[in-house]
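Okay, here's what each chain looks like letter by letter:
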Amino acid sequence: DAALAVPDKQVDSVCPYCGVGCQLTYNIKDNKILFVEGRDGPANRERLCVKGRYGFDYAHHPHRLTVPLIRRADAPKSGEFTMDPARVLDVFREATWEEALDAAGGALARIRDTYGKRALAGFGSAKGSNEEAYLFQKLVRTGFGSNNVDHCTRLCHASSVAALLEGIGSGAVSNPVMDVTLAEVVIVIGANPTVNHPVAATWIKNAIRNGTKLVVCDPRRSDLARSAHRYLQFKPDTDVALLNAMMHVIVAEGLVDQDFIASRTIGYAELERNVAGYSPELMAPICGVDADTIRYVARLYATSKASMILWGMGISQHIHGTDNARCLIALALMTGQIGRPGTGLHPLRGQNNVQGASDAGLIPMMFPDYQRVDNPAALAKFEKAWGMPLDSMPGLTVVEIMHAIPRGDIRGMYIMGENPAMSDPDANHARASLAALDHLVVQDIFLTETAYLADVILPASAFPEKTGSFTNTDRLVQIGRQAIDPPGQARQDLWIIGQMAARLGLDWQYGHVSEVFDEMRRIMPSIGGITWDRLEREHAVTYPCTKEGDPGQPVVFTEQFPRESGRARFVPADIIPADERPDAAYPMVLITGRQLEHWHTGSMTRRTAVLDAIEPDPVALVHPLDLAALGGKPGDVVTIASRRGEVALYARADDSSPRGAIFVPFCYYEAAINRLTNAALDPFGKIPEFKYCAIRVALGGVV
Ligand code: SF4
């Protein structure tokens, strides 16, 4: 009985789920996690949400991969995904590590040598450590020889990062979440922190209790909206209309911070000209928020002593995601609401290490620390550091790689800890692409939908089975420590990456994980002052931390922005409609996202007893009036179809969505909603439009 057992070991670590980065302690007995407790970390002060507290027993699940697997020669890469162990061995045979690594590395090396260095690609993971992300991208850049390396940041905040790098010179947050407690006004837009960043939501609620005014802007009425001073339920896809109208008010009423604009920015005149055409009266019918409310919120934000903006995927996952983020940046710049405690811009990062994985260079256009691959100085620096010539052409992004496979441009892939068969838009197409590869190597802890299409599967370590550093949404670098041993023959990811590197001709000599971190800090100025010993001692250090002993900077841009001129740049945006609008054949809108209890594609949380018991079945959240109009009731099965596929799920009456819009979580393999989503991309961030596509809904179907 786990509840009564006494732990024989306690290990301090961090939560493996979201970017809040809560510190926790694993309580262990006989190599099993009994329970988890919150620690007094900077981001959580002992708090944990339901995932952090109960989402640990996936590590002990019988579905864990414990032996390397090689696809049987006669097993077609088709048919439906199965987790049935009996059927798995119809498709794969067990192999030794030597055999599996030789098969995996040998096949990828042959593709490289036959078709060229750009015929290979790799997806790393935002769930891996900084060191794993760093070595994975180094393997692709030096072992494969191209920049075709990416990860799920492309599916979450790539557009935010594109806008932030362009506008203020840094893709990370300006202020930590905890700064909401210092703000007079907080705007949360396109984010549902209660579900996706639950402990962050508790800090927002605490701030409200102390007098902070919260404004929630979202087409879906989140739980947090109930605590809001104002809730603006704008129509899906009309972010730019709403935000430009707010800026129009600020300009028209003389609420801009002229000193800040003059001393710290460029490009304001162009922005002012652009927003002149976006009066609240003109925009109100477009965005669905009345002109007086737009005016009130604009004044509130501009005139408070400290206003902060937090946003999520509702902003970023559009073909105009970069434009949405440009508007938020412009709002902060024109009012001088940045560079001080309680102000600033905070894109809430999703995965526990999506910030760190991006910092470590797991993106196709940047070396570590956002040094562009096509910048000759950066190229020379990394060629010297890694001792070989590197490709100066930016690589392909996640969705671009899926489209390059059918053309024959990408023939082999190495995927570590990502599940594009579930997470990519137009997943039927993504699955067909993965199946069409000459060779696919997947490194994971479970037989995911992606691993099911692999030629070689390498059984990896779960989060509590390894040590590494992780960077949360606040730029806090923290240590996740090994608490238990991997099961069976499963091995630690760093070891596996090193073995793959050897088979691709690389001679790496890394021992302890701290040696990888040391190499990173030598070539990444932002973390140059953080030593492994200090991380061990202090548990968490904020970057930028450029020199040893530097305390780190939780609030940045206090004096200048990290752009050439030291000044931030305004970039105006105009309304661009969604790629696929509703029509007579597909009259409704699909919005996808997450649930509180389940994490992304569900591979961990659906194998967690408590979480799966709370949310066991695939659901579609349908407005009660829309459900009634269909002739249905809660619990009925509905079939949702787009131009790309259809799935059946259970209907849940939910009036938080506007009528005509249905929300579906993307974690259910039996109703993989990304079969329906649209792969159209934002041209700057290359992020797909997960938050908007046209669908039709009918009663009935089989789940
Ligand atoms: Fe983990 Fe995020 Fe929950 Fe904290 S808020 S316990 S980091 S999932």
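Residues numbered from 1 in each chain as written. Predicted model: local features only at pLDDT ≥ 70, side-chain atom pairs only at ≥ 80, totals over all residues. Heavy atoms only, no water.

The protein chain is annotated in an unreviewed UniProt entry as Formate dehydrogenase subunit alpha from Massilia frigida. UniProt annotates the protein chain under Cofactor (unreviewed entry) with the comment "[2Fe-2S] cluster". According to the UniProt record, the Sequence similarities (unreviewed entry) comment for the protein chain reads "In the C-terminal section; belongs to the prokaryotic molybdopterin-containing oxidoreductase family." (UniProt positions renumbered as here; feature names shortened; annotations may be inferred.)

Here we take up the nonpolar core. The biggest cluster of nonpolar side chains holds 104 residues, and the ones touching the most others in it are Y58, L139, Y414, L458, M500 and I530. Grouped together as the second largest cluster of nonpolar side chains are 55 residues, L243, F260, I315 and V556 included. (Core = buried A, V, L, I, M, F, W, Y, C linked by side-chain atoms within 4.5 Å. Buried < 20%, exposed > 50% of the residue type's maximum accessible area, 1.4 Å probe, protein only.)

Let us now look at a nonpolar patch on the surface. There is a patch of nonpolar side chains on the surface, built from Y54, V610 and I614 and spanning about 250 Å² of accessible area. With respect to the secondary-structure elements, I614 resides in helix α23 (residues 609–614). By relative accessible area, I614 is classed as partly exposed at 43%. (Patch = residues over 30% accessible without salt bridge, like charges linked within 9 Å, V, L, I, M, F, W, Y side chains within 5 Å. Areas by Shrake-Rupley, 256 points an atom, 1.4 Å probe, with all protein chains shown as cover. Salt bridge = Lys/Arg side-chain N within 4 Å of Asp/Glu carboxyl O. Helix = DSSP H or I, 4+ residues; strand = E, 2+ residues; numbered from the N terminus.)

Pairing in this open sheet of three strands is antiparallel, and the strands run β1-β2-β3 from one edge to the other. Because the sheet does not close on itself, it has two edges, and the strands there are β1 (9–14) and β3 (32–38). In this sheet, adjacent strand axes meet at a mean angle of 30 degrees when their direction is disregarded. As defined by bridge partners, strand β2 (residues 23–29) adjoins β3 across six bridges and the pair is classed as antiparallel. Bridge assignment links T25 to a residue of β3, and that residue is E37. (Pairing = 2+ DSSP bridges. Axes fitted to C-alpha atoms, helices over the stretch in contact; angles between N-to-C directions.)

Moving on to the site of the ligand. Every residue close to the ligand is listed here: C15, Y17, C18, G21, C22, L48, C49, K51, G52, P198 and V199. Of all the cavities here, the one that holds the ligand is the second largest cavity. If you list the elements that add at least two residues to the shell around the ligand, you get α1 (50–54) and α7 (198–209). Of the residues assigned to the shell around the ligand, the class counts are eight nonpolar, two polar and one charged. (Near = heavy atom within 4 Å. 1 Å grid on protein atoms, 1.4 Å probe; cavity = no way out; pocket = protein on both sides within 12 Å on 5 of 7 lines; lining within 4 Å. Sits in = over half its atoms within 2 Å of the grid points. Nonpolar A, V, L, I, M, F, W, Y, C, P; charged D, E, K, R; others polar.)

The tally for this structure, following the rule as stated, stands at 13 aromatic pairs. Measuring from ring centre to ring centre gives 6.4 Å for F260 and F561, while their planes differ by 80 degrees; the resulting arrangement is edge-to-face. You can see F260 sitting in helix α9 (residues 258–264) and its partner F561 sitting in the loop between β21 (540–542) and β22 (568–569), a full 301 residues away along the chain. In this pair, the class of F260 matches that of F561, namely buried. Of the aromatic side chains, those joined through ring pairs into one cluster are Y134, F367, F382 and W386. Positioned above the aromatic ring of F663 is the side chain of R220, whose terminal nitrogen or guanidinium carbon lies 3.8 Å from the ring centre. Above the plane of the ring of F684 lies R326, whose end atom (NZ or CZ) is 4.2 Å from the centre. (Phe/Tyr/Trp six-rings, centres within 6.5 Å; stacked < 30°, edge-to-face > 60°. Lys NZ or Arg CZ within 6 Å of the ring centre and 35° of its normal.)

Overall, the coordinates contain 40 salt bridges when judged by the stated rule. The salt bridge involving D455 is made with K77; its shortest N-O contact spans 2.6 Å. One end of the pair, D455, is in the loop between β17 (439–444) and β18 (456–459); the other, K77, is in the loop between β4 (69–71) and α2 (85–91), with 378 residues separating them in the sequence. In this pair, the class of D455 matches that of K77, namely buried. Here R503 and D102 are joined by a salt bridge, their closest N and O atoms 2.8 Å apart. Within this pair, whereas R503 is found in helix α20 (residues 493–503), its partner D102 is found in helix α3 (residues 97–115), the two being separated by 401 residues in sequence.

Applying the stated criterion across every chain, the model contains nine cavities of 30 Å³ or more. In this structure, the second largest cavity spans a volume of roughly 90 Å³. What lines the second largest cavity is simply C15, Y17, C18, V20, G21, C22, C49, K51, G52, H197, P198 and V199. When contributions to the lining of the second largest cavity are tallied by element, the ones reaching two or more residues are α1 and α7. Considering only residue class, the lining of the second largest cavity consists of eight nonpolar, three polar and one charged. (Points joined across faces, edges and corners; volume = space filled by probe spheres on them.)

Turning our eyes to something else, we now look at the side chain of S125. Among the secondary structure elements, S125 is positioned in the loop between β6 (120–123) and α4 (130–144). Residue class for S125 comes out buried when judged on its relative accessible area of 5%. A polar contact of 3.3 Å, which involves the side chain of S125, links it to the backbone oxygen of G417. When neighbours within four sequence positions are excluded, S125 is seen to be in contact with H151, A357, L362, M416, G417 and E418. (Polar contact = N/O pair within 3.5 Å; in protein donor to acceptor, adjacent residues only side chain to side chain. Contact = heavy atoms within 4.5 Å.)

Across the two faces of strand β13 (residues 344–347) the burial is the same, with G344 and H346 and L345 and P347 all buried. Pairing geometry for strand β12 (residues 307–311) and β13, over four bridges, is parallel. Bridge pairing in β13 places L310 opposite H346.

This part takes up unusual backbone geometry. Cis rather than trans, the peptide bond between Y543 and P544 has omega equal to 5 degrees. Following the sequence through the fold, P544 ends up in the loop between β21 and β22. Phi is positive for R45, which is not a glycine, with a value near 45 degrees. One can find R45 in the loop between β3 and α1. Of the residues examined, R45 reaches a relative accessible area of 43% and is grouped as partly exposed. Phi is positive for F557, which is not a glycine, with a value near 70 degrees. Topologically, F557 is positioned in the loop between β21 and β22. Overall, the relative accessible area of 7% leaves F557 in the buried class.

Here the focus is the layout of surface pockets. Of the pockets and cavities examined, the largest pocket occupies roughly 1,100 Å³. At the level of elements, α5 (158–168), α14 (321–334) and α15 (354–359) are the ones that each hand at least two residues to the lining of the largest pocket. Among the elements that take part in the lining of the largest pocket, α5 stands out by supplying five residues, more than any other. Of the residues assigned to the lining of the largest pocket, the class counts are 19 nonpolar, 14 polar and eleven charged. Computed from the structure, the second largest pocket encloses a volume of approximately 380 Å³. Lining of the second largest pocket is provided by 18 residues; of these, N192, V195, R220, L621 and D654 occupy positions nearest its centre. In terms of residue class, the lining of the second largest pocket is made up of four nonpolar, four polar and ten charged.

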